[in-house]
Amino acid sequence: MPGARFDRVWLNARLATMDGPPGDPLGAIEDGALAARDGRIAWLGRRADLPGPAAQTTDCRGAWILPGLIDCHTHLVFAGDRAAEFERRLAGASYEEIAKAGGGILATVRATREAEEDRLLRAAEPRLRALMAEGVTTVEIKSGYGLDLATELRQLRVARRLAAEEPVSVATTLLAAHATPPEYAGRRADYAAHVAREIVPAAAASGLADAVDAFLDSAIAFTAEETAQVLDAARAHGLPVKLHADQLRDDGGAALAARHGALSADHLEYASPEGLAAMARAGTVGVLLPGAFHFLGERRRPDIAAMRAAGLRLAVATDMNPGSSPALSLLLMLNLACTLFRLTVAEALLGVTRHAAAALGLDDRGRLAPGLRCDLALYRIGRPAELCYWIGGNPCVGRVVGGR
């Protein structure tokens, strides 16, 4: 339209801005409109107040518009599956027993090392598209199934290729400190030092990693001292850090994440109130992963009361991975976060929008506000609570990424 003020406008919509005050965090706007220009939100408010025309107009017919959903913790690029281990767990084997017997992460490492880049890409595409179909517009993808420099970088390259080939944003995270590879058997500390001295600097120099993560678990992964070495190396090379923390025992992971100014600490089932409070003071986001909790049959729930008391921001993610959370649905994680962990609807929805963006260090998305990326998810629902309520449904009727 000649003289149009906006590139595109969405009319007859209900907006959940996720930008409201503490008492109303959804910030709902009934009979609303949203306008985009140059890939960013240019205006939003009541439809009656729309200040000008657009080159394109979409009638949403009463659909709800939320910020595009963000899955801030996935291990989406890998080869093979671990369905046989699932059967073993059903027969009584524990996650730790399987890992110590050479299964678990190392089984996926073997398959991933053998897979060429294109094969990894083809395997990852349907997993990513399943998330996108539900309204996800940003995904974090970790490495961690190579445990050697070549394969770790291969995983990160695949993640970058996915972002180039699909209409989605991808944040990449180096997770070389995920487990001790077979060639370092019995030399865990030596491998942690290798990650810090060789793999982290190479990943930083390649430009393939947006952040660095590590798995702190004194029994099956790395000790606090070994983990700190990796996180220190990341920060020395200008990369923000994240942490798999306190999933199976309290190893002080929450406090360690806080000391290192981590973007997030994830899992947290055994995190202490003191560690959670330290995270809140440091601005570190707590990422809840109910899919892993459910799939592994865990009984120790995260201390949500302590998290609330500390004022900790909470995100929710799939933890999509072949061993402990083969989850292809972020909407299902919303339901599990509410039913298993007793999050409120508002807490859960903030967890896949505003707080998920913070967990990735992305301040240009996760809310509907002028100046932010125009990443939107449209849903044919009566109220936002339905996104947490339905089990197995997908009411997504549209996605917008960068205004398109």
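Small disclaimer: the values here were computed from a predicted structure and weren't measured.

Caption draft 1: Seen up close, the overall build of the chain. On a plain count of helices and strands, the chain comes out with 15 helices and 15 strands. For the chain, the C-alpha radius of gyration of 21 Å lies close to 22 Å, the compact-globule estimate for 404 residues. Overall, the chain is about 70 × 45 × 40 Å in size when its C-alpha atoms are taken along their principal axes. Buried positions account for 59% of the 404 residues belonging to the chain. Across the chain, every contact between residues at least 6 apart in sequence was considered, and the portion connecting residues at least 24 apart equals 73%. As presented, the chain carries roughly 15200 Å² of accessible surface, and 50% of it is formed by carbon and sulfur atoms.

Caption draft 2: Structural view of the pattern of salt bridges. According to the stated counting rule, one finds 23 salt bridges in the structure shown. Between E117 and R157 there is a salt bridge, with the nearest N and O atoms lying 3.0 Å from each other. Here E117, found in helix α4 (residues 117-133), pairs with R157, found in helix α5 (residues 149-165); they are 40 residues apart in sequence, far enough to count as distant. Given a relative accessible area of 34%, R157 falls into the partly exposed group. Each of E117, D118, R122, E125, R157, R161 and E165 takes part in salt bridges that share partners, so that together they form one network.

Caption draft 3: View of helix α7 (residues 224-236). Helix length check: α7, at 13 residues, gives a terminal C-alpha distance of 18 Å against a target of 18 Å (1.5 Å per residue), a fit within 8%. Looking at α7, one finds that the buried residues are E226, T227, A228, V230, L231, A233 and A234. On its buried side, α7 packs onto β8 (169-177), α6 (188-206), β9 (211-214), β10 (242-245) and α8 (253-259).

Caption draft 4: Representation of the packing of aromatic side chains within the structure. This model, assessed by the stated rule, comprises six aromatic pairs. By way of ring pairs, the aromatic residues Y184, Y191 and F222 are connected into one cluster.

Caption draft 5: Broad picture of the UniProt feature "binding site: 4-imidazolone-5-propanoate" (unreviewed entry) in the chain. The feature "binding site: 4-imidazolone-5-propanoate" (unreviewed entry), as given by UniProt, occupies R82, Y145, H178, Q247 and S324 in the numbering adopted here. Along the chain, the position of R82 falls in the loop between β6 (69-71) and α1 (83-90). Taking relative accessible area as the criterion, R82 reaches 6% and is therefore assigned buried. When neighbours within four sequence positions are excluded, R82 is seen to be in contact with Y95, G104, I105, A107, T108, P322 and G323. Along the chain, Y145 falls in the loop between β7 (136-142) and α5. Residue classification places Y145 among the buried residues on the basis of a relative accessible area of 1%.

About the criteria used
Residues numbered from 1 in each chain as written. Predicted model: local features only at pLDDT ≥ 70, side-chain atom pairs only at ≥ 80, totals over all residues. Heavy atoms only, no water. Helix = DSSP H or I, 4+ residues; strand = E, 2+ residues; numbered from the N terminus. Rg over C-alpha atoms; globule rule 2.2 N^0.38 Å. Buried < 20%, exposed > 50% of the residue type's maximum accessible area, 1.4 Å probe, protein only. Contact = heavy atoms within 4.5 Å. Areas by Shrake-Rupley, 256 points an atom, 1.4 Å probe, with all protein chains shown as cover. Salt bridge = Lys/Arg side-chain N within 4 Å of Asp/Glu carboxyl O. Expected span 1.5 Å × (residues − 1). Phe/Tyr/Trp six-rings, centres within 6.5 Å; stacked < 30°, edge-to-face > 60°. UniProt positions renumbered as here; feature names shortened; annotations may be inferred.

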